[in-house]
Amino acid sequence: MPRSRFCVLCVVPGSALALSLFLLTPRPAAAAEPPAPPKGPVSFINDVAPILKENCYGCHGVKNPKGKLDMTKFASFQKGGTKDSPFVAGKPDDSYILDVLTAKNNRRMPPKDTGDALPPTKIAVISQWIQEGAKLDAGIDDKADLIHELRLRWIPPVAPIVYTRPVEITALAFTPDNKKLVASDHHELTVWDVTAGKLEKRIRTRARRALAMVFLPDGKLAVAGGRPGEEGDVRVYDINAGTPKVVDGVTYLDGVDDKAVMVKQLLDSDDEVLCLALSPDGKKLASGGCDRIVNVWDISGGAANAQLEQSIENHADWVFAVAFSADGKHLVTGSRDKTAKVWDLTTKESVLTFPDHQAPVYGVAIKADGKTGFSAGDDNQVRAWNATGDQAGKQVRASGGHGKTITKLVEVAKGGTTPPLLVTASADDTVRVWNEDNGAAVRTLAGHTDYVYALAVSSDGALIASGSFNSEIKVWKTADGTVVRAFLGSPGLAVPTAAAPK
Ligand code: HEC
């Protein structure tokens, strides 16, 4: 696929491009081909509901269902909308749903101008289910959210031992000792030795990809991600626990079923979770995602005892970025709604909105003194703005340089770098370092050959790691921009491409 066809929005959730990842592994059952003409009895949840979810829920969901027909619960589906029940048990010929699926009275569902008719095999499944009595499977409440019930039944695939093609790196994190890097791969996290560029560990995950990772004070790893358009999660992993299986020097952990590895699930949502942040005192964790909600947990008692403290619904669209102020009292967020915002966690109020990007905002940060906010996004600019005072929300300066979308913005928090630095990753294949005090460009880290989507800075500020859409991971020295190590972050394809420093 030519790179020119990529856009940053294609990397982010809900993309058709992500479907190409299915080439790696057999497609999971829930998203599989239409069920073969059913032989045995048809199950509502296993056979019918997946068809309805894929073809009907977009218009017949909980929010403003068309024709007042909410099909996401069995009870409301059975009751019908403005008309009577869409089906009559045992009588396909009297069932209105089959009339609309076959366009019997020239009225079709999905509506003719919005999509193709269902293939006859799928209509046959629904027809047979009605013929057999239109029953809901035992054990499911008729008011249960069917999207959730379907999610419960979905089984994550196991990543192949050797990848057939490089996958995009969508998140990176240094381990607390800064010696290893954790990367997001296909339904797994991979752990790489920084200086050797060698794969050491693979942790299977339910999420197809991680989109943000942060190590917690107790050494556990919080990971946000999901499956585009299907589900989202924040889970906490202990990547040094569980029952390891070692094959060819690589340790395999099961982060799906082994409760010693996947120690806590903090969030379960209907679409991907996009960002995470840890407060500087390590007591609070925040997430943001496609549901537009920013969640804040109190994790002072450890991740296992995490308490959801507040859920903030303040943005009009997906929340791509979140960061805490140094005192932990404010949150800065960036959204597809083209704004950055500051939220006061104490008064639970929105303090300001910064609208100047006029484009989706993918990265945010706030200066240690809390006075200046930073944001970057689809307008290729790093913008600094007043976070407090009379001029709050007013731009201080804009720094240009990136030729394409800025996908990430990270502050080099520690290490006493003078001046304080901001690091950005971009769809222009570069990583750039900026002087936080005056917005000046400090240096450009060039060498990636595809757009850069993942960015991490070591806790001592000495190293920057970047990951790109074509799977390249590069580790750079912050001080002079030299490459410490570069390798492909896809298992089996990982050929180190640079020598370790002497
Ligand atoms: C693009 C939006 C859209 C999709 C997708 C869609 N519908 Fe509809 N549906 C509508 C609209 C609009 C109405 C109400 C107006 C009408 O009845 O034509 C409606 C009404 C209905 C009704 C009548 C409800 C009532 O009681 O009035 C049924 C039954 C129905 N849809 C079934 C389906 C099924 C089954 C699917 C999936 C195969 C589906 N629809 C997919 C838009 C949609």
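Owing to the predicted nature of the structure, the values given are computational and were not obtained by experimental measurement.

Before going further, it helps to examine the overall build of the protein chain. Within the protein chain, the secondary structure is distributed over 6 helices and 30 strands. By the burial criterion, 45% of the 502 residues in the protein chain qualify as buried. For the protein chain, contacts bridging at least 24 residues in sequence account for 51% of all contacts bridging at least 6.

Most of strand β5 (residues 209-215) sits out of view: 5 of its 7 residues are buried. Where β5 meets strand β6 (residues 221-227), 6 bridges bridge the pair, whose relative direction is antiparallel. Opposite Arg209, over in β6, you have Gly226 as the bridge partner. Linking β5 to β6, which pair antiparallel, is a turn of 5 residues; within it Gly219 sits at a positive phi near 90°.

Moving on to the sheet that holds strand β25 (residues 431-435). The antiparallel open sheet is built from 4 strands, whose spatial order is β23-β24-β25-β26. Of all the strands in the sheet, just β23 (406-412) and β26 (441-445) have a single pairing partner and so form its edges. On average, adjacent strands in this sheet sit at an angle of 20° to one another, irrespective of strand direction. One ladder, built from 4 bridges, connects β25 with β26; its direction is antiparallel. Paired with Val431 across the two strands is Leu445, which belongs to β26.

What follows is about the packing of helix α2 (residues 44-55) against helix α5 (residues 120-131). Relative orientation of the contacting elements α2 and α5 amounts to 130°, with a least axis distance of 10 Å. Comparing the axis directions of α2 and α5 gives the class oblique. Between α2 and α5 lies a crossing of left-handed hand. Across the interface between the two elements, Phe44, Asp47, Val48 and Ile51 of α2 pack against Lys122, Val125, Ile126 and Trp129 of α5. Among the residues forming the contact of α2 with α5, the class breakdown is 6 nonpolar, no polar and 2 charged.

For the ligand, the set of nearby residues contains 22 residues, the closest of which are Cys56, Cys59, Lys66, Gly67 and Gly81. Split by residue class, the shell around the ligand holds 11 nonpolar, 8 polar and 3 charged.

Moving on: the sheet that holds strand β18 (residues 349-354). Sheet strands associate in pairs through backbone hydrogen bonding, adopting either a parallel or an antiparallel arrangement. Strand order in the open sheet made by the 4 strands is β15-β16-β17-β18, with antiparallel pairing throughout. One side of each edge strand has no neighbouring strand; the edge strands of this open sheet are β15 (319-324) and β18. Strand-to-strand twist in this sheet, taken as the mean axis angle between neighbours without regard to direction, amounts to 20°. Sheet topology places β15 next to strand β16 (residues 330-335); 5 bridges connect them, and they run antiparallel. What sits directly across from Ala321, in β16, is Gly334.

Time to look at the environment of Gln381. As for its position among the elements, Gln381 is in the loop between β20 (372-377) and β21 (382-386). On the basis of neighbour counts, which here come to 21 C-beta atoms within 10 Å, the residue Gln381 falls in the buried class. A sequence separation of 22 residues divides Gln381 from Gly403, and the C-alpha atoms of the two residues are 9.2 Å apart. Contacts of Gln381, omitting those with residues within four sequence positions, involve His357, Ala376, Ala398, Ser399 and Gly400.

Attention now moves to the nonpolar core. Nonpolar side chains tend to gather and get buried jointly when the protein is soluble and globular. Leu172, Met213, Ala224, Leu274, Cys275 and Leu276 are the most contacted members of the largest nonpolar core, which has 102 residues in total. Residues Leu52, Cys56, Trp129 and Leu150 belong to the second largest nonpolar core, which totals 23 residues.

It is worth spelling out the confidence of the model for the protein chain at this point. Confidence along the protein chain averages 90 in pLDDT terms, with 90% of residues attaining 70 or more. Counting interchain partners and residues more than four positions distant, the pLDDT-below-50 stretch residues 1-35 has 48 contacts.

What follows concerns α2. All of the buried residues in α2 are Phe44, Val48, Ala49, Pro50, Ile51 and Leu52. On the buried face of α2, the contacting elements are α5 and α6 (146-152).

This next bit is on α5. With 12 residues, α5 extends 16 Å from end C-alpha to end C-alpha; this agrees with the ideal 16 Å at 1.5 Å per step. Each element contacted by the buried residues of α5 is listed here: α2 and α4 (96-101). Gly133 sits one or two positions beyond α5 and adopts a positive phi of about 115°.

What follows deals with the environment of Lys73. With respect to the helices and strands, the residue Lys73 is situated in the loop between α2 and α3 (74-79). The spatial distance from the C-alpha of Lys73 to the C-alpha of Asp145 is 5.4 Å, given a sequence separation of 72 residues. If near-sequence neighbours (up to four positions away) are discounted, Lys73 is found in contact with Lys143, Ala144, Asp145 and Leu146.

Calculation notes
- Residues numbered from 1 in each chain as written.
- Predicted model: local features only at pLDDT ≥ 70, side-chain atom pairs only at ≥ 80, totals over all residues.
- Helix = DSSP H or I, 4+ residues; strand = E, 2+ residues; numbered from the N terminus.
- Buried ≥ 20, exposed ≤ 12 C-beta atoms within 10 Å, placed from the backbone.
- Contact = placed C-beta atoms within 7 Å.
- Pairing = 2+ DSSP bridges.
- Axes fitted to C-alpha atoms, helices over the stretch in contact; angles between N-to-C directions.
- Parallel < 35°, antiparallel > 145°, perpendicular 65-115°, else oblique.
- Left-handed = near helix turned anticlockwise from the far one by under 90°.
- Nonpolar A, V, L, I, M, F, W, Y, C, P; charged D, E, K, R; others polar.
- Near = placed C-beta within 6 Å.
- Core = buried A, V, L, I, M, F, W, Y, C linked by C-beta atoms within 7 Å.
- pLDDT = per-residue confidence, 0-100.
- Expected span 1.5 Å × (residues − 1).

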